[in-house]
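Summary of structural features
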Amino acid sequence: MRPITNYEHQYVIYADGCVVNTKTNRTLKTYLSNSGYLQVGLWKDNKGTRVYLHRLLAQHYLPSIYGKCFVNHKDGNKLNNSLNNLEWVTKSENAIHALETGLVVRPIKLSEELTLVVLKEFLSGETLTELVKDLPIQLPRLSVQIRKVASKHGLLDQYKQQVKKAHMERIHARRKQ
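Scope of this entry: the structure provided in the associated data block.

Our focus in this paragraph is the side chain of Q10. Considering the arrangement of structural elements, one finds Q10 in the loop between β1 (2-3) and β2 (11-13). Leave out the neighbours within four places in its chain, and Q10 touches V20, N21, T22, K23, W43 and K44.

Okay, structure coming up:
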């Protein structure tokens, strides 16, 4: 058990990832972040902060290594916070590990010609969600590429109008449910 830095008289962390409030002797509940990591809420001076559990464990149980400030899950499982599964790495080591293990796929860029075809289909009423299903690209990247091609080909105003129209259709569809 080790006191948590900056919260020494309030919280301790055990090697298994249990965080305990020393004033109430209660184990803190963990939360799943939007990015898939476990977090705990720490309070100090009436201000709460959510902290990643894997970072707390590494900071308090793994020896720090100069120049390595990212914590990697060796097996790629964001929920496996065992100390033997955590390691300090550089940003580039973390990115390489994610690519090698398939946790992240290398971003794909569509050709300008294909992006223009997709843009025209979008402008004719097809949704980006439907269009992306047939492409080797994720929706956020497709959206950025389409916007750039629309701007380059003088279709940015039409693109913006279609985005607004699609947004309004989604709102109306939700209200009907």
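On we go from here.
It is worth spelling out helix α6 (residues 156-176) at this point. Its 21 residues give α6 an end-to-end C-alpha distance of 30 Å, which sits within 8% of 30 Å, the value for a rise of 1.5 Å per residue. What α6 keeps buried is the set Y159, Q162 and A166. Considered in projection along α6, the buried side chains sweep an arc of 65 degrees and stay on one side of the axis. Among the exposed residues of α6, those oriented more than 90 degrees off its buried face are D157, Q161, K164 and R175. Elements in contact with the buried residues of α6: α3 (112-123) and α5 (139-152).

The final tally for this structure, using the stated rule, is three aromatic pairs. The interplanar angle of 70 degrees and the centroid separation of 5.8 Å between the aromatic rings of Y7 and Y11 together place this pair among those described as edge-to-face. Accessibility classification places Y7 together with Y11 in one group, the buried group. With a centroid separation of 5.6 Å and an interplanar angle of 75 degrees, the aromatic rings of Y37 and Y52 are classed as edge-to-face. Taken together, the residues Y37 in the loop between β5 (30-32) and β6 (38-44) and Y52 in strand β7 (residues 47-52) connect sequence positions 15 residues apart. In this structure Y37 comes out as partly exposed when scored by relative accessible area, which is 22%. Seen from the ring of Y7, K44 lies directly overhead, with NZ or CZ sitting 5.7 Å from the centre. Between R50 and the ring centre of Y31, over which it is positioned, the NZ or CZ distance is 3.9 Å.

Turning our attention to the layout of surface pockets. The volume enclosed by the largest pocket comes to roughly 360 Å³. Lining the largest pocket are 15 residues, with Y37, V71, N72, K78 and N94 sitting closest to its centre. Residues that form the lining of the largest pocket fall into these classes: seven nonpolar, six polar and two charged.

Cut-off values and rules
- Residues numbered from 1 in each chain as written.
- Predicted model: local features only at pLDDT ≥ 70, side-chain atom pairs only at ≥ 80, totals over all residues.
- Heavy atoms only, no water.
- Helix = DSSP H or I, 4+ residues; strand = E, 2+ residues; numbered from the N terminus.
- Contact = heavy atoms within 4.5 Å.
- Expected span 1.5 Å × (residues − 1).
- Buried < 20%, exposed > 50% of the residue type's maximum accessible area, 1.4 Å probe, protein only.
- Arc of directions from axis to C-beta.
- Phe/Tyr/Trp six-rings, centres within 6.5 Å; stacked < 30°, edge-to-face > 60°.
- Lys NZ or Arg CZ within 6 Å of the ring centre and 35° of its normal.
- 1 Å grid on protein atoms, 1.4 Å probe; cavity = no way out; pocket = protein on both sides within 12 Å on 5 of 7 lines; lining within 4 Å.
- Points joined across faces, edges and corners; volume = space filled by probe spheres on them.
- Nonpolar A, V, L, I, M, F, W, Y, C, P; charged D, E, K, R; others polar.

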